[in-house]
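Structure at a glance
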Amino acid sequence: MAGLERPLLLTQGDPAGIGPELTLRAWLHRDQGALPPFAVLADPAHLERVANAQGWTVPIVSVDAAQVSSAFPQALPVIPLNAKVFAESGKPDPAWAPSVIESIETAVRLVRSGAAPALVTNPIAKHVLYNAGFQHPGHTEFLATLAAQDGNAYHPVMMLWSEELAVVPVTVHIPLSTVSSALTTELIVLTGRIVARELKERFGIANPRLALTGLNPHAGENGAMGTEDQAIIAPAIATLRADGITASGPLPADTMFHARARKGYDAALAMYHDQALIPIKTIAFDEAVNVTLGLPFVRTSPDHGTAFDIAGQGIARPGSLMAAIKLAARLGAGAKKP
Ligand SMILES: NC(=O)C1=CN([C@@H]2O[C@H](COP(=O)(O)OP(=O)(O)OC[C@H]3O[C@@H](n4cnc5c(N)ncnc54)[C@H](O)[C@@H]3O)[C@@H](O)[C@H]2O)C=CC1
Ligand SMILES: NCC(=O)COP(=O)(O)O
């Protein structure tokens, strides 16, 4: 792929999920998908077992970061983890949590050292990691913690992006019952500023148009169906506009995702996880990409999860992972080497 001088790094994800087989599939589809060179940080023996179980011919080669691009045309380059993995597809086990975490930490270290322009994370199952003591809600927050090792603070923003629609949940992995208390004008303004800045700088949209949902039915029906829309969201929109950002809303969430409405904005900021993710996964499940904004490096991921129900059956579709690889390459092409 033109413009990308360094290879991308993929993390292993949950080794019992569909990440390993999708990574193998992405490499097999590398030419027809016009994918740039990438390596995966994983246990090569585990990947070999997954490939053999499917009867797929995928040569796997252990490399260091400097050898990835030259190895990629002939074999799937793997940067080996210290942790060994004996996972069974479809059978999640917290025993593999150290390998999952090692893969993410190593990928971030390599990206920050300049060895790679971007990372693409394979899906992790949050509850499995929590059972092993993992303290972060998901990748998004963990990556911000790892980034902060440089002494700066980062507010990570989750954006699900596709050609058709981009959505941002302002609150992310919290119980629905706590959304109202977590939602503040400051949080919405901070999120909106990051989205506007990165749509401009990373996605090349000169004047990004943001549309903000309300929280309540009919965006609160003038306060009769809830007060957050007028008391919290409307002032945030006023502040964003005062910043010079094109922002509309609060809009009733039920009518802002149909095809005509989508033409009116570049990103929809929704107030909670499912309000944002249901429309994009309905419209573009096989193409949408999860991209983290607000970090000092590029990170993308497929929109789906570990899909333990189909892992190891060879039927998982690689479209979203391949889209994540392509978007990482596009955004990473502009990333400066430290
Ligand atoms: N970026 C990440 O690390 C993400 C991780 N997750 C994690 O994944 C786990 C499972 O989450 P679920 O809600 O069940 O969502 P999921 O996306 O894993 O699965 C939902 C449904 O979609 C199907 N599906 C998913 N990806 C597919 C693919 N590539 N091809 C064909 N079918 C596919 C599955 O078989 C399942 O029926 C959770 O523990 C969650 O934490 C979920 C979303 C993103
Ligand atoms: N539903 C999206 C999701 O769970 C992705 O989370 P993250 O692991 O990318 O933070």
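Fair warning: this is a prediction, and the values are worked out from it, not measured in the lab.

The biggest cluster of nonpolar side chains holds 109 residues, and the ones touching the most others in it are Leu9, Met159, Val168, Leu210 and Ala267. Of all the elements, helix 12 (residues 319-332) adds the most residues to this core, at nine residues. Split by domain, the residues of this core number at least three in each of domain 1 (1-155 + 295-338) and domain 2 (157-293).

In this section: the UniProt feature "binding site: a divalent metal cation" (unreviewed entry) in the protein. Under the present numbering, the feature "binding site: a divalent metal cation" (unreviewed entry) in UniProt falls on His173, His218 and His273. An extended arrangement is adopted by the annotated residues: their sequence extent is 101 residues, and the largest C-alpha distance between any two is 23.9 Å. With respect to the helices and strands, His173 occurs in the loop between strand 7 (166-169) and helix 7 (179-182). On the neighbour-count criterion, His173 (13 C-beta atoms within 10 Å) is partly exposed. Ignoring sequence-local partners within four residues, the contact set of His173 consists of Pro137, Gly138 and His273.

Moving on: the domain arrangement of the protein. Per the domain assignment, the segments of the protein are domain 1 (1-155 + 295-338) and domain 2 (157-293). Once you take the C-alpha centre of each, domain 1 and domain 2 turn out to be 28 Å apart. Taken together, the contacts link 20 residues of domain 1 with 18 residues of domain 2. When residues of the side of domain 1 that touches domain 2 are traced back to their parent elements, those giving at least two are helix 6 (139-147), strand 12 (298-302) and helix 12.

The UniProt record annotates "binding site: substrate" (unreviewed entry) at His139, Thr140, Lys281, Asn290 and Arg299. Classification of His139 by C-beta neighbours within 10 Å gives buried; the count is 24. If sequence neighbours within four positions are ignored, His139 has contacts with Ile104, Thr121, Ile124 and Ser301. Secondary-structure assignment places Thr140 in helix 6.

This brings us to the confidence of the model for the protein. Across the protein, pLDDT averages 96, with 99% of residues at or above 70. As a predicted assembly, this complex carries a pTM of 0.96 together with an ipTM value of 0.98.

Another aspect to go through is unusual backbone geometry. Here Gly249 and Pro250 are connected by a cis peptide whose omega angle stands at -5°. Tracing the backbone shows Pro250 in strand 9 (residues 246-251). You will see that Ala34, though not glycine, has its phi angle at about 50°, which is positive. Residue placement: Ala34 occurs in the loop between helix 1 (19-28) and strand 2 (38-42).

The next point concerns the sheet that holds strand 2. The mixed open sheet is built from twelve strands, whose spatial order is 3-4-2-1-5-12-11-6-7-10-8-9. Of all the strands in the sheet, just strand 3 (60-62) and strand 9 have a single pairing partner and so form its edges. Averaged over all adjacent pairs, the angle separating strand axes in this sheet is 30°, with direction ignored. Bridge count for strand 6 (residues 157-161) against strand 7 is two bridges, and the pairing is antiparallel. Bridge pairing in strand 7 places Trp161 opposite Ala166. Along the sheet, helix 11 (residues 273-284) makes contact with strand 6, strand 7, strand 8 (209-213) and strand 10 (267-270), crossing strand 7 at roughly 160°.

A few words now on the environment of Glu221. With respect to the helices, strands and loops of the structure, Glu221 is situated in the loop between strand 8 and helix 9 (228-242). The spatial distance from the C-alpha of Glu221 to the C-alpha of Pro252 is 9.1 Å, given a sequence separation of 31 residues.

This paragraph deals with the packing of helix 4 (residues 97-113) against helix 6. Where helix 4 contacts helix 6, the axes come no closer than 11 Å and their chain directions differ by 50°. Of the possible angle classes, the one that applies to helix 4 and helix 6 is oblique. The chirality of how helix 4 crosses helix 6 is right-handed. Every residue of helix 6 that contacts helix 4 at Ile104, Glu105 and Val108 is listed here: His139, Phe142, Leu143 and Leu146.

A few words now on the environment of Leu9. The topology assignment puts Leu9 in strand 1 (residues 8-11). Measuring from C-alpha to C-alpha, the distance between Leu9 and Ser103 comes to 9.9 Å, with 94 residues separating the pair along the chain. When neighbours within four sequence positions are excluded, Leu9 is seen to be in contact with Phe38, Ala39, Leu41, Ala107, Leu110, Val111, Ala116 and Leu119.

For helix 9, spanning 15 residues, the distance from its first C-alpha to its last is 20 Å, which sits close to the expected 21 Å at 1.5 Å a residue. Of the residues flanking the end of helix 9, it is Gly244, one or two places downstream, whose phi is positive at about 95°.

Here we take up the site of ligand 2. Close contacts around ligand 2 come from Ile124, Gly138, His139, Thr140, Leu277, Asn290 and Ser301, and that covers them all. Split into classes, the residues belonging to the shell around ligand 2 amount to two nonpolar, five polar and no charged.

About the thresholds
Residues numbered from 1 in each chain as written. Chains lettered and ligands numbered in written order. Predicted model: local features only at pLDDT ≥ 70, side-chain atom pairs only at ≥ 80, totals over all residues. Core = buried A, V, L, I, M, F, W, Y, C linked by C-beta atoms within 7 Å. Buried ≥ 20, exposed ≤ 12 C-beta atoms within 10 Å, placed from the backbone. Helix = DSSP H or I, 4+ residues; strand = E, 2+ residues; numbered from the N terminus. Domains from an automatic or database assignment. UniProt positions renumbered as here; feature names shortened; annotations may be inferred. Contact = placed C-beta atoms within 7 Å. pLDDT = per-residue confidence, 0-100. Pairing = 2+ DSSP bridges. Axes fitted to C-alpha atoms, helices over the stretch in contact; angles between N-to-C directions. Parallel < 35°, antiparallel > 145°, perpendicular 65-115°, else oblique. Left-handed = near helix turned anticlockwise from the far one by under 90°. Expected span 1.5 Å × (residues − 1). Near = placed C-beta within 6 Å. Nonpolar A, V, L, I, M, F, W, Y, C, P; charged D, E, K, R; others polar.

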